Amino acid sequence: MKEKVSAFILGTLFSIGLGISGMMDPTKVQGFLDAIGRWDPSLAFVMGGALFVTFVTYPFIVKRDGPVLGKHFALPNRHEVDKPLIIGAVLFGVGWAISGLCPGPALANAFSLNTGVLAYIATMFIGFWLHKKVTT
């Protein structure tokens, strides 16, 4: 139970951070991705802040026996760069650039009831379903 409660609290905190930083605004994200046009560098500070916190805390966290509110760390066990990873990254990047949303901010933005955001979420879940059908 404590894992679910902590996941809810941390997910809410993450959503608030996405909102404050502007990551839930598709036009702001598209402005950041428009490096050869009217580039908006402000989201680079969001990314820089996240990377700073990660690089400072990660070495200490992984030395622990496990997470404070969980049974074990969920760390990746694959390290190779393969064709599915590259294709998936390209598709994700293109979708992010076109829509200005990625899954986290889209879900956090769902309560806005914006039809574009809701359409994005619906097609995202269709994509999840199609991936499962194709890969199994």
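Thresholds applied
Sequence order as written defines residue numbering, which begins from 1 separately in each chain. The model is predicted, so local features are restricted to residues of pLDDT at least 70 and side-chain atom pairs to those at 80 or more, both for listing and for counting; the totals for chains, interfaces and linings are taken over all residues. The basis for every side-chain value is the complete set of heavy atoms in the structure, and neither hydrogens nor water enter the calculation. Buried residues of nine kinds, namely Ala, Val, Leu, Ile, Met, Phe, Trp, Tyr and Cys, make up a nonpolar core once their side-chain atoms join them within 4.5 Å. Between buried and exposed lies partly exposed: a residue is buried under 20% and exposed over 50% of the maximum accessible area for its type, with that area taken using a 1.4 Å probe on protein chains only. In this description, contact between two residues means that some pair of their heavy atoms is separated by no more than 4.5 Å. Helix and strand definitions here come from DSSP, where helices need a minimum of 4 consecutive H or I residues and strands a minimum of 2 consecutive E residues; each element is numbered from the N-terminal end. In protein, a polar contact means a hydrogen-donor-capable atom and an acceptor-capable atom, both N or O and within 3.5 Å, with residues adjacent in sequence counting only if both atoms are side-chain atoms; elsewhere, any N or O pair within 3.5 Å suffices. Each pair of aromatic rings taken from Phe, Tyr and Trp, with Trp reduced to its six-membered ring, is defined by centres within 6.5 Å and is described as stacked if the planes are under 30 degrees apart, edge-to-face if over 60, and tilted in the remaining cases. In this analysis, the expected span of each helix is defined as 1.5 Å times one less than the number of residues it contains. What we call the bend at a residue is the angle made by axes fitted to the seven residues finishing there and the seven residues starting there. Residues with no salt bridge and a relative accessible area higher than 30% make up the patches, which join like charges within 9 Å and nonpolar side chains (Val, Leu, Ile, Met, Phe, Trp, Tyr) within 5 Å. Using the Shrake-Rupley algorithm and a 1.4 Å probe, accessible areas are obtained, with residue cover drawn only from the displayed protein chains. Throughout this description, the term salt bridge denotes a Lys or Arg side-chain nitrogen within 4 Å of a carboxyl oxygen of Asp or Glu.

*Asks:* How would you explain the nonpolar core if you had to name every residue and give the values?
*Replies:* Listed in full, the nine residues of the largest apolar core are Leu18, Met23, Met24, Val29, Phe32, Leu43, Trp96, Cys102 and Ala108. Those residues in contact with Met24 that sit more than four places away from it in its chain are Ser15, Leu18, Gly19, Leu101, Pro105, Ala108 and Asn109. Counting residues in hydrophobic clusters, the runner-up holds seven residues, among them Leu101, Ala106, Ala110 and Ile121.

*Asks:* Outline the environment of Asp34, supporting the account with residue identities and numerical values.
*Replies:* Inspection of the secondary structure assignment puts Asp34 in the loop between helix 2 (26-33) and helix 3 (42-61). Accessibility expressed as a relative area gives 31% for Asp34, which makes it partly exposed. Distance in space between the C-alpha atoms of Asp34 and Gly116 is 20 Å, their sequence separation being 82 residues.

*Asks:* Talk me through the side chain of Asn109; I want residue IDs and the actual numbers.
*Replies:* Mapped onto the fold, Asn109 is located in the loop between helix 5 (103-108) and helix 6 (115-135). For Asn109, the side chain forms a polar contact with the main-chain oxygen of Met24, separated by 2.9 Å. Excluding residues within four positions of it along the chain, Asn109 makes contact with Met24, Leu101 and Val117.

*Asks:* Give me the packing of aromatic side chains: which residues, what numbers.
*Replies:* If you walk through the whole model with that rule in mind, you get three aromatic pairs. Plain terms: the ring middles of Phe125 and Phe128 are 5.3 Å apart, the flat faces sit at 85° to each other, and that makes the pair edge-to-face. In this pair, Phe125 and Phe128 both sit in helix 6, three residues apart, roughly one turn of the helix. Phe125 gets classed as partly exposed once you look at its relative accessible area, which sits at 45%.

*Asks:* Before we move on, can you summarise helix 3 with the specific residues and values?
*Replies:* Helix length check: helix 3, at 20 residues, gives a terminal C-alpha distance of 29 Å against a target of 28 Å (1.5 Å per residue), a fit within 8%. Along its length, helix 3 shows its largest kink, about 30°, at Phe55, and proline Pro59 lies within four residues downstream of that point.

*Asks:* Outline a nonpolar patch on the surface, supporting the account with residue identities and numerical values.
*Replies:* Together, Val81, Leu85, Ile86, Val90, Val94 and Ile98 make up an exposed nonpolar region whose accessible area comes to about 580 Å². Within the secondary structure layout, Leu85 lies in helix 4 (residues 83-99).

*Asks:* Kindly report on the pattern of salt bridges, identifying the contributing residues and their values.
*Replies:* In total, this model carries four salt bridges according to the counting rule given. Among the salt bridges present, the one from Asp40 reaches Lys28, with a minimum N-O distance of 3.2 Å. A residue pair is termed long-range when its members are at least 10 positions apart, and Asp40 in the loop between helix 2 and helix 3 and Lys28 in helix 2 qualify at 12 residues. Lys28 sits in the partly exposed class, given a relative accessible area of 23%. Between Glu80 and Arg78 there is a salt bridge, and its shortest N-O distance comes to 2.8 Å.

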